[in-house]
Amino acid sequence: MTKQPLTIYLAAPRGFCAGVDRAIKIVEMAIQKWGAPVYVRHEIVHNKYVVDSLRDQGAVFVEELEDCPDDRPVIFSAHGVPKSVPAAASARQMVYVDATCPLVSKVHIEAERHFENGLQIIMIGHAGHPETIGTMGQLPEGEVLLVETVEDVASVAVRDPSKLAFVTQTTLSVDDTIDIIAALNARFPQIVGPHKEDICYATTNRQAAVKAIAPRSDALLVVGAPNSSNSRRLVEVASRNGCDYAQLVQRATDIDWRALEGIRSIGITAGASAPEVLISEVVDAFRARFDAQVEIVETAQENIEFKVPRVLRETA
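This is a predicted model, so every value here is computed, not measured. All residue numbers here refer to positions counted from 1 along the written sequence of the relevant chain. With pLDDT at 70 or above as the cut-off, local features in this predicted model cover only qualifying residues; side-chain atom pairs require 80 or more to be listed or tallied, and sums for whole chains, interfaces and linings still use all residues. Working from all heavy atoms in the structure, the side-chain values ignore hydrogens and water.

Caption draft 1: Examining the nonpolar core more closely. With 32 residues, the main nonpolar core has V27, I44, L54 and I75 as its most contacted residues. Secondary structure is summarised from DSSP: a helix means a run of H or I of at least four residues, a strand means a run of E of at least two, and numbering begins at the N terminus for each. Taken together, the elements giving at least two residues each to this core come down to α1 (18–34), β2 (38–41), α2 (48–57), β3 (59–62), α4 (102–116) and α8 (201–213). Here the element with the most residues in this core is α1; it accounts for 8 residues. Apart from residues no more than four positions distant in its own chain, V27 is found in contact with V40, I44, L54, A59 and I75. What makes a nonpolar core is a set of buried Ala, Val, Leu, Ile, Met, Phe, Trp, Tyr and Cys residues whose side-chain atoms join them at distances within 4.5 Å. Each residue's exposure class comes from its accessible area (1.4 Å probe, protein chains only) as a fraction of the maximum for that residue type: buried when under 20%, exposed when over 50%, partly exposed otherwise. V223, V249, F286 and A292 belong to the second largest nonpolar core, which has 23 residues in total. Here, two residues are considered to be in contact whenever any of their heavy atoms come within 4.5 Å of each other.

Caption draft 2: Representation of helix α3 (residues 84–91) in the model. Among the residues making up α3, those that are buried are V85, P86 and A89. For α3, the buried positions fall inside an angular range of 95° around the axis, keeping them on one side. In this structure, the buried residues of α3 make contact with β2, β4 (74–76) and β5 (96–98). Looking one or two residues past α3, Q93 carries a phi angle of roughly 55°, positive in sign. The arc in question is the one spanned by the directions pointing from the helix axis to the C-beta atoms.

Caption draft 3: Structural detail: the pattern of salt bridges. Throughout this description, the term salt bridge denotes a Lys or Arg side-chain nitrogen within 4 Å of a carboxyl oxygen of Asp or Glu. Tallied over the entire structure, the rule returns 16 salt bridges. Bridged by salt links that share partners, the residues K48, D52 and R55 form one connected network.

Caption draft 4: View of the pairing of strand β7 (residues 144–147). When DSSP finds two or more bridges between two strands, those strands count as paired. Relative to β7, strand β6 (residues 120–124) is paired through 4 bridges, and the arrangement is parallel. Looking at the pairing, I122 lines up with L145 of β7. A crossover links β6 with its parallel partner β7, the connecting element being helix α5 (residues 130–136), and its sense is right-handed. Clockwise travel from the first strand over the helix to the second, with the strands pointing away from the viewer, marks a crossover as right-handed.

Caption draft 5: Seen up close, helix α10 (residues 276–289). Compared with an ideal rise of 1.5 Å per residue, which puts 14 residues at 20 Å, α10 spans 20 Å between its outermost C-alpha atoms and is within 8% of the ideal. Those residues of α10 lying buried are L278, I279, V282, V283, A285 and F286. The arc enclosing the buried residues of α10, seen along the axis, measures out at 150°, which places them on a common side. Among the structural elements, β1 (5–12), α2, β9 (219–223), β11 (265–270) and β12 (291–298) are those in contact with the buried residues of α10. Here the expected length of a helix is defined as 1.5 Å per residue gap, with one fewer gap than residues.

Here you go:
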């Protein structure tokens with residue numbers, strides 16, 4: 001039986017970013033240095049395959065520091081943690097390693113600088129997301145106010161409209177954030193923004209690649225986890241940029257083949273915490289069913305690398 005022809009537009013960049021790569025290395029190096037088990041507070045990155053792989057190597061994932069014993073190392077996830085968490089670990093004399101992405105740490109430092117300058121901070125982010133919780137937890141309660149939408153900007157109650165700054169979660173939709181920032185500037189003309197946008201290079205690059213392939217694709221799949229903010233934003237970007245069917249899949253077994261009947265082109269990308277092995281798995285699944293030709297659509301090149309903390313580079 002002749003297979004139906006299919007063009008696969010494979011986005012580049014896609015998948016792992018430097019912060020995720022660093023966080024995974026931190027867990028692996030901690031296990032090598034101190035042996036198993038090593039505890040990790042919250043999923044190190046939002047991807048089940050990655051978490052399961054690290055669990056197999058000896059990582060134990062917990063939600064709170066109280067779930068960790070005093071005598072084993074603990075690692076804080078790439079999303080960042082409130083200041084109270086390392087303070088509690090220090091009080092218990094625990095060995096801990098902070099795997100917070102350096103670009104998230106940059107936002108933490110910005111927020112602290114604004115606070116020291118007497119400004120109240122508005123954070124553009126998603127309520128309940130670990131990164132938002134971590135950033136808001138850098139400062140005393142009430143010093144960081146959260147807005148999620150343009151509508152929230154209209155109702156946010158601030159202490160002094162003339163003494164405000166804003167920061168953003170690093171994994172948001174670039175387009176959505178532009179609208180929210182415009183609303184903040186309109187309501188609070190004196191609000192201070194970051195010198196350079198807080199949305200990280202990887203989020204921006206992956207969204208730009210999706211914008212390039214979405215209009216050409218009958219359907220688009222984003223390989224990523226349902227709790228991954230940057231992956232979910234990629235689905236939204238695809239839908240807004242001319243692709244009628246955009247879906248998030250964790251791996252090839254999640255593909256809804258009936259929904260893809262009759263397609264002649266498919267876009268494939270992956271969130272910043274999805275490993276290349278899962279992307280290859282999805283591409284191979286299409287090759288098995290179609291006469292597939294892969295076209296890589298590259299919109300940027302990435303060569304950023306972040307060092308792991310010194311404690312892991314030193315011999316035990």
